[in-house]
Amino acid sequence: MIAPNKWVGVFILWMLLSVVCLGQTIQGTVTDSLGKPVSYAGVNLKSGGNLIIAYTTTNNKGAYSLQIPADANKTGLMLEVTCVGFKKQAKEVIGFTSPYNFKLSTAVNQLKDVVIKNKRPFLRVAGDTLSYKVSDFSSPQDMVIGDVIKKLPGIEVAKDGKISYNGKSISNLYIGGDNLLDDKYNIATNNIPNGVVDQVQVMQNHQPVKMLQGKVNSDDVALNLTIKKDAKLQMVGQETIGAGLPGNYYADINAMMFKDKYKAINYIKGNNTGLDVTGDLISHNMNDYLSRIDNDKPGTVLSLGTAGDPDLPRNRYLFDQSGMLNLNNLLNLKKDLQLRVNLSYVRDNQRQDYQKVSDIYLPTDTIHYTETQNNKRRPDLLHTQFTLNINNSKYYLNDNLIADYSHNMAYSSLVTNGAGVKQTFKDNLVDASNELNFMQTFKSNNIIEGYSYINHSTEPENRVIEPGLNPDIFNNNTPYSRLTQNAKIPSFFTNNYVNYRIPRELVTQSYKVGFSAQSQKLNSDLSVTQLNNSTNLVSDSATNNLNWQRNKFYAEAGYDIPGNILKVNVTLPLSLLGINYTDAFYKLDKSLNRLYFDPRVSVKYQTGIEDYLTLNYNFKNSIGGIQDVYRGEILTNYRSLFANNADLTERQTQNASLGYNYRKAITLFFFSLNAAYTHQYANNIASSVLTDNIQQRVVLPFDNNINSWSFSGFVSKYSFALRTTFSGGLAYQTTKLNQIQNGNILPYNTINNTISGGAETKVSEKITFSYKLNYTQTTSNPLGGSSNSKFERLIQTAALNYNPTGNLFFSASADHYYTHQQQANDLKYVFGDASVRYKFPKTKLDLEVTAQNLFNTQNYTAVYLSANVYTSSNYTIPGRIVLAKLMFSL
């Protein structure tokens, strides 16, 4: 552990020294005759031959910073400033240490009328903000703004709606500059009509807190949707009702408002066509949020089975009867003061039927599992959120009150290795939290920050399996009636700190002190009901009454260099952690005290006007939770019996990453490369004992190391000649880890290779075409053991849209899935969809007929490979659905 840390430290120091020594810059300000800043003024650096060798624009404060190309001749340089409404001004460059400030005089010449005939799309660049004109990339078939965002050069949209810009996930999506939805931005992309959005803006280095702008670095990327003026004056919406075969229905009633003072997206949806309404409610940055608040919430303990969802879009496989009410309202009470309410309720009835085969390859044996399940699930989900926000240059306050309630009932008919049983599962989650954050600027320009987060949650779980499953394991080989597993982990958590920032011209210092406390209790019991209805525990070790307490006191020093060329952030946190957990029945009473130092360093170097390098390193100590130390057995699913027989898991994780990001706005070209290395050390390892009926897991005190390398690249380019956005990506990851199964130590190296590509083209004003492919190869290598396991996957999608007249629209699409596997025959599936829409003249009515799954595919097989585990799952999926929809626009 010592030698790698030294080398990483030397590498970081070398990078910091090298980037400081590179490049020369020219800085200054541009003002008008009254001394007011002139924003968006063009600043050109010209060579002796009057050629432009570098350019930039001023920010909203009239400031600019211009980097001189390393290979440029430094003699005879001229600096020229231009801006509409002002006279052009130029200065000779005679040195690079003093600023070049310009004071522009007003131009009185009237501009001649100009007719612009060039319809080529282009990016508008202003500082860190890029703007896409929606009309440059949209087509008549695009119904919602999400349809257009998928086509924008430099932007990727994942299957779940997650948006990335040049390889980096966005942190938020704003509407008219307001945060209506947090990171649940699928609500916007899936519902806002395409026609109401004027521009999609990409905001790089986005710092949402106004008083921290220019003082605290941020590498976040956010999107902002600017709304057309006429759409701000009226209610916007599109009401849809539909019916079809076999016995299908669809409804979407919505109302939206995008005024400067009031914004709202409110709607009711319902369908039984496989459209998952909960897709709108995905929090795309939830992991980052939980890491920031440092709250390790306990996860759901029990489940019905071991098969997950197939690797298909949810509308391909979901049997549902769903309905959702979603209300999102934001009111600007006055300047910089907002009140926001987000409320959603989902009611669903889902069905899933599948067959699964699992093979676990051991050095001397192969463990084989088969299961057939027919599952039904009825979730009720309620979410409420109230947010008060004050955000100005002197004061910041954000209070966020959240309450969640989830009630789940699930049923399963199961046949496993020839034995048939029925399962019933009940799960009720209640979760409430409040997050308060405030900042105040003093006359000295220093900033005081206070933060408090408090959370309470509980999730009682109950699962019943009947008739008696595996009596040889659970009831001394005696037949019995049913098996009942109960589990509950009520949890309380709070995190509080005070932070003092000292902003200066070159460095912003911050010093934080705080504490957090976590209190949890795990109660569980596994019991059998005999044939005479008497009940007893499966064994003495089938119960838990575990108390858990974790307290942490921490201090942190942070240093930000918010330069125009070089941005550096160094964070030095020190924490004192105390943990105690007890269970009287097992005579368990253990305490642990640790002092942790978890440094983080991030560097961003602007190598050019439109490209930059990033370097990140962090070292993190982490420790397990209550679900890692319980001694009693818990049957997490019908064939997985878990317990622990080791001390608390302690992990040390090192992450280092290097990235290069490039764009050429004028040619709509985007490119990024990233490399990362992760090393994780843990003081224990999970050991599994596998039989043909059940797998038992315990945690043993052996050193455990995991090493992972990853490389990725992304490129996107708009071809003006072909009117096409081309995109492509490459990814490689290798992970080495150890497992212990049936007493054998099994080291594995899993390698994943991914190739992706796509094209979005406007063939003509009436025809558009899109194509995407994704190829994945997964190889699992047992180190020093038997032969490799490998499977390959190719997914292709294509869509063609044609509108022969202004009110008639045709669409056809197809998905192709190909899987090559060593253990069985290749798998091939083709899905087809089609639609026709007619817009009635002089009305706001549209009639649309859609056909989903044209080829009536009703079974789908998915294959997975991980280390030495191979699974093949066959799912029953909905067949062909034909639906007629009537749509009315407000």
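Residues numbered from 1 in each chain as written. Predicted model: local features only at pLDDT ≥ 70, side-chain atom pairs only at ≥ 80, totals over all residues. Heavy atoms only, no water.

Draft legend 1. Structural view of the overall build of the chain. Within the chain, the regular secondary structure consists of seven helices and 53 strands. A compact globule built from 890 residues would reach a C-alpha radius of gyration of about 29 Å, and the chain, at 30 Å, matches this within 12%. Its C-alpha atoms put the chain at 100 × 70 × 55 Å along the principal axes. Here the contacts in the chain between residues at least 6 apart in sequence split such that 64% fall between residues at least 24 apart. Accessible area of the chain: about 41700 Å², with a carbon and sulfur share of 57%. (Helix = DSSP H or I, 4+ residues; strand = E, 2+ residues; numbered from the N terminus. Rg over C-alpha atoms; globule rule 2.2 N^0.38 Å. Contact = heavy atoms within 4.5 Å. Areas by Shrake-Rupley, 256 points an atom, 1.4 Å probe, with all protein chains shown as cover.)

Draft legend 2. Here's a closer look at the side chain of T649. Looking at the secondary structure, you find T649 in the loop between β38 (640-642) and β39 (650-664). The buried category is assigned to T649, whose relative accessible area is 5%. The residues touching T649, leaving out its near neighbours within four places in the chain, are S622, I623, G624, A682, N683 and N684. (Buried < 20%, exposed > 50% of the residue type's maximum accessible area, 1.4 Å probe, protein only.)

Draft legend 3. The nonpolar core, seen in detail. One finds Y132, I145, L173, I175, I192, V200 and I265 to be the most contacted residues of the largest nonpolar core, which totals 44 residues. In contact with I175, other than residues within four places in its own chain, are L180, L181, A188, I192, N224, L225, I227, F258, K263 and I265. Of all hydrophobic cores here, the second largest spans 22 residues; its members include L302, A410, L577 and Y630. (Core = buried A, V, L, I, M, F, W, Y, C linked by side-chain atoms within 4.5 Å.)

Draft legend 4. Looking closely at the sheet that holds strand β10 (residues 155-157). With respect to topology, three strands assemble into an open sheet ordered β10-β11-β12, the strand pairing being antiparallel. Each edge of the sheet is formed by a strand with only one pairing partner; in this case those strands are β10 and β12 (168-169). The pairing of strand β11 (residues 163-165) with β12 spans two bridges and is classified as antiparallel. Across the sheet, Y165 pairs through a bridge with K168, a residue of β12. (Pairing = 2+ DSSP bridges.)

Draft legend 5. Examining the pattern of salt bridges more closely. This structure, assessed with the given rule, holds 29 salt bridges. A salt bridge links K590 to D647; the shortest N-O distance between them is 2.3 Å. One end of the pair, K590, is in strand β34 (residues 588-597); the other, D647, is in the loop between β38 and β39, and 57 residues separate them in sequence. Given the relative accessible area of 31%, K590 is considered partly exposed. (Salt bridge = Lys/Arg side-chain N within 4 Å of Asp/Glu carboxyl O.)

Draft legend 6. Just a nonpolar patch on the surface, in detail. A surface patch of nonpolar side chains, amounting to about 970 Å² of accessible area, comprises I241, I253, I268, L325, Y345, L382, Y405, V430, Y838, F840, L847 and L886. Along the polypeptide, I253 turns up in strand β17 (residues 248-258). Look at I253 and you get partly exposed, because its relative accessible area is 41%. (Patch = residues over 30% accessible without salt bridge, like charges linked within 9 Å, V, L, I, M, F, W, Y side chains within 5 Å.)

Draft legend 7. Spatial organisation of the pairing of β17. Relative to β17, strand β16 (residues 238-245) is paired through five bridges, and the arrangement is antiparallel. Within the sheet, the bridge partner assigned to I241 lies in β17 and is A251. The hairpin formed by β16 and β17 contains two residues between the paired strands, and G247 there has a positive phi angle of roughly 70°. Summarising the sheet, β17 and strand β18 (residues 262-271) pair through nine bridges and their orientation is antiparallel. Bridge pairing links F258 to K263 in β18.

Draft legend 8. Seen up close, the sheet that holds strand β8 (residues 123-126). What the five strands build is an open sheet, ordered β8-β9-β14-β15-β13; its pairing is mixed. Two strands lie at the open edges of the sheet, namely β8 and β13 (172-175), each paired on one side alone. Across the sheet, the mean angle from the axis of one strand to that of its neighbour is 20°, orientation sign disregarded. Both strand β9 (residues 129-133) and strand β14 (residues 197-203) contribute to a ladder of five bridges, which runs antiparallel. Residue pairing in the sheet places Y132 in a bridge with V200 of β14. (Axes fitted to C-alpha atoms, helices over the stretch in contact; angles between N-to-C directions.)

Draft legend 9. The arrangement of the environment of G154 in detail. In this fold, G154 is placed in the loop between α3 (145-149) and β10. As for G154 and T725, which are separated by 571 residues in sequence, their C-alpha atoms are 8.9 Å apart. Once you skip the residues sitting within four places of it in the chain, G154 turns out to touch Y132, S164, Y165, N166, F670, F714 and S716.

Draft legend 10. View of the pairing of β14. Summarising burial for β14: six of the seven residues are buried, a large majority. Where β14 and strand β15 (residues 222-227) come together, six bridges link them in antiparallel fashion. Bridging from a neighbouring strand, V197 pairs with I227 of β15.

Draft legend 11. Region of interest: the environment of L388. Inspection of the secondary structure assignment puts L388 in strand β23 (residues 366-391). By relative accessible area, L388 is classed as partly exposed at 32%. It is 5.9 Å that separates the C-alpha atoms of L388 and Q338, two residues lying 50 residues apart in sequence. Residue contacts for L388: discarding those within four places in its chain leaves L337, Q338, L339, L397, N398 and D399.

Draft legend 12. Structural view of unusual backbone geometry. In this structure, P246 follows L245 across a cis peptide bond, with omega equal to 0°. Mapped onto the elements of the fold, P246 is located in the loop between β16 and β17. The peptide bond linking E466 to P467 adopts the cis configuration, its omega dihedral lying at -10°. Among the secondary structure elements, P467 is positioned in the loop between β27 (461-466) and α7 (471-474). Positioned with a positive phi, R723 is a non-glycine residue whose angle comes to about 50°. On the secondary structure map, R723 appears in the loop between β43 (704-719) and β44 (724-741). Judged by its relative accessible area of 29%, R723 is partly exposed.

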